[in-house]
Amino acid sequence: MPSHLFADRPSPQPPERDTVDALITQTRRLRGGVDAVRRDALVDDDAHGRWQRALCDLAVHHLDDLGTHLDQLKEGLPEAGPDDEAQEEDEQPGFEADALPGSLLSRVGSAEWNLLTDEVSWSEELFQIFGRTPESGAMSLDELPSMVFAEDQGLLTAMVTDCLVDGKPIDGEFRIVRTDGRVRTLHMMGEPVLDTDGCTASMWAVLRDVSELRRSQRAVRESRDSLKRERHIEQTEHRLAVELQEAVLPPWRGSLRLPQGNPAALDIAAHYLPAATSALIGGDWYDALELPDGRSLLTVGDLTGHGVTATGAMAMLLGALRGMAVAGIRPGDLMSHLNQLLDHSVQPALGSAVCCQYDPATRTLSWAQAGHPAPVLFRDGTGCALTPPDGVLLGATSGAGYGQAEVQLRPGDLLVLHTDGLTRRGTSDESGCRRLLELAGRLETVRTAQDGVRMVVEEFGETDREDDACVLVARIGS
């Protein structure tokens, strides 16, 4: 299946704010119209008048719900707060069922219970809602709880009692078990009918099957909560990855001179460029370190993956690299040990790296690489990538050997080490490499490594970067 990025039609976009505003305005106007119809409805206490008023009330409820949903759509997903759980509606799981056939009106029925004659009148729609046949007869108020969930029987009894005794209108929900075993959620609205002496003569009610509505609302809540949880996890992982990266990468900012006090010392500066998507904190690293024998270590590298796992593996690998370099292990052998470390890691990963050791006494650079872009040397206004010695990706092949190369540097030379995220666009980095080499004329004018880093970042610091990257610039002193 082709990627949505190359589909013939554009990918779905969020609704325009103007469109949502127009829908909100239309909903408010419609609600006002229904209110007017309700006010003008017949005031007779016959079944038809009560039916009209009840349908208007239901319509108002739905329009209010619609207005609330559109307001939420306009505002976007709310931030999680401490009162979220308190605001959720109480619900019992496990009572979804297949939808009843028919239109909205087929899921709305009416009933009237005459307290003086004990007569009960159900509409045909109400029989359908309860799954009963008209021949079985309508159920009295005493019989009705037999089809209601045990947990909801008290609620129904309280609503009916308040209506019959105190004259309070009924407006509540309960669940029933139909005769076919299916569970439905009903919304009941009703009022007492008073006789000439002001006593309750009967009670009428309109019942609506709201199972699908509640199931949809529940699905919205669950998907919203799931999205909040995922967002919280992503934010937490991103924060941990950033903190771990900041703890592992060198603390120095600006330029660094290694070794100290040597006229042939390296002037070093480096920079980390994040991906356009801030969540993509990867395993890229850079480092510069003065070694006990007077040489200097320069390294950049990248591990596959993103997030805490990648930064954690990067921390392990960079720590091992520093330790082995301090112990005097040369770049080629150092790469072999790193490959063995990744090959036996609990969480397998692939990595690329370049490791350089600079001897200021002879201005010789010894280096090795593992499937990584070679350092780029800028000299006399031209630039070229160094010829790489043999070396496969770290963690790719057990027991792999890594070659080592040497290059003689001159005063004023500029060396650029970078991860492939700097120059790669899509599946190719050829154009990016050309752009880097074309900086030769401009880089010839820089006097500090920090200026060189700034120039590279200005050239490659696009906002649409697909991956994070590191760049390290070293200028050879005179």
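Residues numbered from 1 in each chain as written. Predicted model: local features only at pLDDT ≥ 70, side-chain atom pairs only at ≥ 80, totals over all residues. Heavy atoms only, no water.

Caption draft 1: Fine view of the environment of Met 159. Summarising the element assignment, Met 159 is placed in helix α5 (residues 150-166). When the C-alpha atoms of Met 159 and Asp 171 are compared, they prove to be 7.9 Å apart, with 12 residues separating the residues in sequence. Aside from chain neighbours lying at most four places away, what touches Met 159 is Ile 170, Asp 171, Gly 172 and Phe 174. (Helix = DSSP H or I, 4+ residues; strand = E, 2+ residues; numbered from the N terminus. Contact = heavy atoms within 4.5 Å.)

Caption draft 2: Representation of the nonpolar core in the model. Counting 55 residues, the largest nonpolar core has Ile 268, Trp 285, Leu 298, Met 335, Leu 365, Leu 394 and Leu 472 as the members making the most contacts within it. The greatest single-element share of this core, amounting to 7 residues, is contributed by helix α7 (residues 308-326). (Core = buried A, V, L, I, M, F, W, Y, C linked by side-chain atoms within 4.5 Å. Buried < 20%, exposed > 50% of the residue type's maximum accessible area, 1.4 Å probe, protein only.)

Caption draft 3: Seen up close, a negative patch on the surface. Together, Asp 118, Glu 119, Asp 142 and Glu 143 make up a region of like negative charge exposed at the surface. With respect to the helices, strands and loops of the structure, Asp 118 is situated in the loop between β1 (108-114) and β2 (120-122). (Patch = residues over 30% accessible without salt bridge, like charges linked within 9 Å, V, L, I, M, F, W, Y side chains within 5 Å. Areas by Shrake-Rupley, 256 points an atom, 1.4 Å probe, with all protein chains shown as cover. Salt bridge = Lys/Arg side-chain N within 4 Å of Asp/Glu carboxyl O. Lys, Arg positive; Asp, Glu negative; His and termini not counted. Charge placed at Lys NZ, Arg CZ, Asp CG, Glu CD.)

Caption draft 4: Broad picture of the packing of aromatic side chains. Under the defined criterion, the tally for this structure stands at 2 aromatic pairs. With a centroid separation of 5.2 Å and 55° between ring planes, the pair formed by Trp 122 and Phe 127 is classed as tilted. Across this residue pair, the class does not change: Trp 122 and Phe 127 are buried. Taking the centre distance of 5.0 Å and the plane angle of 40° together, the rings of Trp 122 and Phe 130 count as tilted. Its relative accessible area of 9% is what places Trp 122 among the buried residues. Put simply, the rings of Trp 122, Phe 127 and Phe 130 pair up and form one aromatic cluster. (Phe/Tyr/Trp six-rings, centres within 6.5 Å; stacked < 30°, edge-to-face > 60°.)

Caption draft 5: Molecular detail of the pattern of salt bridges. Applying the stated rule across the entire model yields 15 salt bridges. For the salt bridge of Arg 178 with Asp 180, the shortest nitrogen-to-oxygen distance reads 2.7 Å. Residue Arg 178 is classed as buried on the basis of its relative accessible area of 8%. You can call Asp 180 partly exposed: its relative accessible area is 42%. A salt bridge links Arg 182 to Asp 180; the nearest nitrogen and oxygen atoms lie 3.1 Å apart. Overlapping salt bridges, with partners in common, bring together Arg 184, Asp 209, Glu 212 and Arg 215 in one network.

Caption draft 6: Fine view of the pairing of strand β15 (residues 414-418). The buried fraction of β15 amounts to 5 of the 5 residues, a majority that puts the element mostly inside the structure. Residues Leu 414, Val 416 and His 418 of β15 are buried on one face, and the alternating residues Leu 415 and Leu 417, pointing to the opposite face, are buried as well. Across 3 bridges, the pairing between strand β12 (residues 376-379) and β15 is antiparallel. Among the inter-strand pairings, Leu 377 is bridged to a residue of β15, identified as Leu 415. Note: β15 against strand β16 (residues 469-476), 5 bridges, orientation antiparallel. In the strand pairing of β16, Val 416 is matched with Val 473. (Pairing = 2+ DSSP bridges.)

Caption draft 7: Fine view of the confidence of the model for the chain. Overall, the predicted model of the chain reaches an average pLDDT of 82, with 83% of residues at or above 70. Taken as a whole, residues 1-13 scores under 50 in pLDDT and shows 0 contacts with residues more than four places along the chain or in a different chain. (pLDDT = per-residue confidence, 0-100.)

Caption draft 8: Geometry of the packing of helix α6 (residues 211-248) against α7. Running from amino to carboxyl end, α6 crosses α7 at an angle of 10°, the nearest separation of the two axes being 9 Å. As the angle between them shows, α6 and α7 are arranged roughly parallel. Note on packing geometry: the crossing formed by α6 with α7 is left-handed. On α7, the residues that touch Glu 237, Leu 240, Ala 241, Leu 244, Gln 245 and Val 248 of α6 are Val 308, Thr 311, Gly 312, Met 314, Ala 315, Leu 318 and Arg 322. Looking at the contact of α6 with α7 residue by residue, the class counts come to 8 nonpolar, 3 polar and 2 charged. (Axes fitted to C-alpha atoms, helices over the stretch in contact; angles between N-to-C directions. Parallel < 35°, antiparallel > 145°, perpendicular 65-115°, else oblique. Left-handed = near helix turned anticlockwise from the far one by under 90°. Nonpolar A, V, L, I, M, F, W, Y, C, P; charged D, E, K, R; others polar.)

Caption draft 9: Seen up close, α6. Here α6 contains 38 residues, and its C-alpha end-to-end distance of 55 Å stays within 8% of the 56 Å for a straight helix at 1.5 Å per residue. Within α6, the full set of buried residues consists of Ser 211, Glu 212, Arg 214, Gln 217, Arg 218, Arg 221, Lys 228, Ala 241, Gln 245 and Val 248. (Expected span 1.5 Å × (residues − 1).)

Caption draft 10: How the structure looks around the sheet that holds strand β5 (residues 200-209). Ordered by their spatial adjacency, 5 strands build an open sheet running β2-β1-β5-β4-β3, and the pairing between neighbours is antiparallel. Both edges of this open sheet fall to β2 and β3 (170-177), since each of them pairs with a single strand only. Strand-to-strand twist of the sheet, defined as the mean angle between neighbouring strand axes without regard to direction, takes the value 25°. Sheet analysis places β1 next to β5, joined by 7 bridges and oriented antiparallel. Looking at the pairing, Gly 109 lines up with Leu 207 of β5. Seen against the sheet, α5 touches β3, β4 (183-194) and β5 and runs at an angle of roughly 145° to β3. With respect to the sheet, α6 is in contact with β3, β4 and β5, its orientation differing from that of β4 by roughly 120°.

Caption draft 11: Region of interest: the sheet that holds strand β6 (residues 256-258). Read across the open sheet, the 6 strands follow the order β6-β7-β16-β15-β12-β13; overall the sheet is antiparallel. Each end of this open sheet is capped by a strand with a single partner; those strands are β6 and β13 (382-385). Averaged over all neighbouring strand pairs, the angle between strand axes comes to 25°, with direction disregarded. Pairing of strand β7 (residues 266-273) with β16, which is carried by 8 bridges, proceeds in the antiparallel orientation. If you follow Ala 269 over to β16, its bridge partner there is Val 473. On top of the sheet, helix α9 (residues 430-437) reaches β12, β13 and β15; it is set at about 25° to β12, its chief contact.

Caption draft 12: Structural detail: unusual backbone geometry. One non-glycine residue, Asp 118, lies in the positive phi region at around 65°. Classification of Asp 118 as exposed rests on a relative accessible area of 65%. Of note in the backbone geometry, Arg 363 takes a positive phi value of approximately 55° without being a glycine. With respect to the element layout, Arg 363 can be found in the loop between β10 (351-359) and β11 (364-370).

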